[in-house]
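Now for the letters of each chain:
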Amino acid sequence: EAGVTQFPSHSVIEKGQTVTLRCDPISGHDNLYWYRRVMGKEIKFLLHFVKESKQDESGMPNNRFLAERTGGTYSTLKVQPAELEDSGVYFCASSQYNAGRIYGYTFGSGTRLTVV
Amino acid sequence: AQKITQTQPGMFVQEKEAVTLDCTYDTSDPSYGLFWYKQPSSGEMIFLIYQGSYDQQNATEGRYSLNFQKARKSANLVISASQLGDSAMYFCAMRGDGYKLSFGAGTTVTVRA
């Protein structure tokens, strides 16, 4: 089966511009997560979708970040307008949930975002 | 709140030797899961091993084993017979009551020939 796919792998944008990151989870995985690692810091949770619904968005840093998951399939994370501190690697992960037990998380390769 | 601590920013290990990566955690959740991930230079996060808080035995997956000491709140990863391809950053992570993972700062392992 195909893994979690993220696009683009790298993005360099100017401060103030908009960038949209995309994540295609493993087919059939209802749970989709976004994480990010800014330079020198730990990997931090951003938000969690269950199908198309936002289950937990407590990690979203501010309202410049907008995540969507249309139809419960792929997800997008838009940053508008981008700031320098948004630079980092954005990871997407998906997992399967079954009868009270969540199985392993599969991560994508990440999108390296550089804001200049 | 959950916290994962990895105190070793970087380690060197000789090929074919074993290496232990430290991980301590703090949580008030009675049920939790502990994970180790490998991130090679290519960037992807590769799942290595999982330990549930109620598991009686330490988890093992091939050359990877997890030394789980619940009372000490530690979940150290042991890589046996290190290979050059093991050079990567390794992250310890924990899932508590919710579904999100909390990560440690990571440990960079460099395997020397």
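Preceding block: the structure.
Residues numbered from 1 in each chain as written. Chains lettered and ligands numbered in written order. Predicted model: local features only at pLDDT ≥ 70, side-chain atom pairs only at ≥ 80, totals over all residues. Heavy atoms only, no water.

Undergrad: Describe the state of the cysteines, with residues and values.
TA: Within this structure, the stated rule accounts for two disulfides over all chains. Between the sulfur atoms of Cys23(A) and its disulfide partner Cys92(A) the distance amounts to 1.8 Å. Sign of the S-S torsion, about -65° for the bond between Cys23(A) and Cys92(A), identifies this disulfide as left-handed. With Cys23(A) in strand 3 (residues 19-24) and Cys92(A) in strand 9 (residues 88-95), this residue pair connects regions lying 69 residues apart in the sequence. Comparing Cys23(A) with Cys92(A) shows no difference in burial state: the two are buried. Between the sulfur atoms of Cys23(B) and its disulfide mate Cys92(B) the distance is 2.0 Å. What sets the handedness of the Cys23(B) and Cys92(B) disulfide is the S-S torsion sign, and at about -65° it is left-handed. (Disulfide = S-S within 2.5 Å. Helix = DSSP H or I, 4+ residues; strand = E, 2+ residues; numbered from the N terminus. Buried < 20%, exposed > 50% of the residue type's maximum accessible area, 1.4 Å probe, protein only.)

Undergrad: So what's going on with the interface of chain B and chain A? Which residues, and what values?
TA: If you look at the interface, chain B gives 17 residues, while chain A gives 18 residues. Both sides of the chain B and chain A interface together cover about 1,600 Å² of buried area, and 60% of this is carbon and sulfur. Taken together, the links from chain B to chain A amount to one salt bridge. When the shortest N-O distance is used, the salt bridge between Asp56(A) and Lys100(B) registers 3.6 Å. If you list the elements that add at least two residues to the side of chain B that touches chain A, you get strand 5 (33-39), strand 6 (46-52), strand 10 (88-95) and strand 11 (101-103) of chain B. (Contact = heavy atoms within 4.5 Å. Buried area = accessible area lost by both parts, 1.4 Å probe. Salt bridge = Lys/Arg side-chain N within 4 Å of Asp/Glu carboxyl O.)

Undergrad: I'd like to hear about the nonpolar core, residue by residue, with values.
TA: Counting 25 residues, the largest nonpolar core has Leu21(B), Tyr25(B), Leu34(B), Trp36(B), Ile49(B), Leu77(B) and Tyr90(B) as the members making the most contacts within it. Looking at this core, the elements with two or more residues in it are strand 2 (10-14), strand 3 (19-21), strand 5, strand 6, strand 8 (64-69), strand 9 (74-79), strand 10 and strand 12 (107-112) of chain B. When residues of this core are assigned to their parent elements, the largest contribution, four residues, is made by strand 10 of chain B. The residues touching Tyr90(B), leaving out its near neighbours within four places in the chain, are Gln6(B), Leu21(B), Trp36(B), Tyr37(B), Lys38(B), Leu48(B), Leu77(B), Ile79(B), Gly106(B), Thr107(B) and Val109(B). Core analysis: the next-biggest nonpolar cluster, separate from the first, contains 21 residues, Val4(A), Leu46(A), Leu47(A) and Leu77(A) among them. (Core = buried A, V, L, I, M, F, W, Y, C linked by side-chain atoms within 4.5 Å.)

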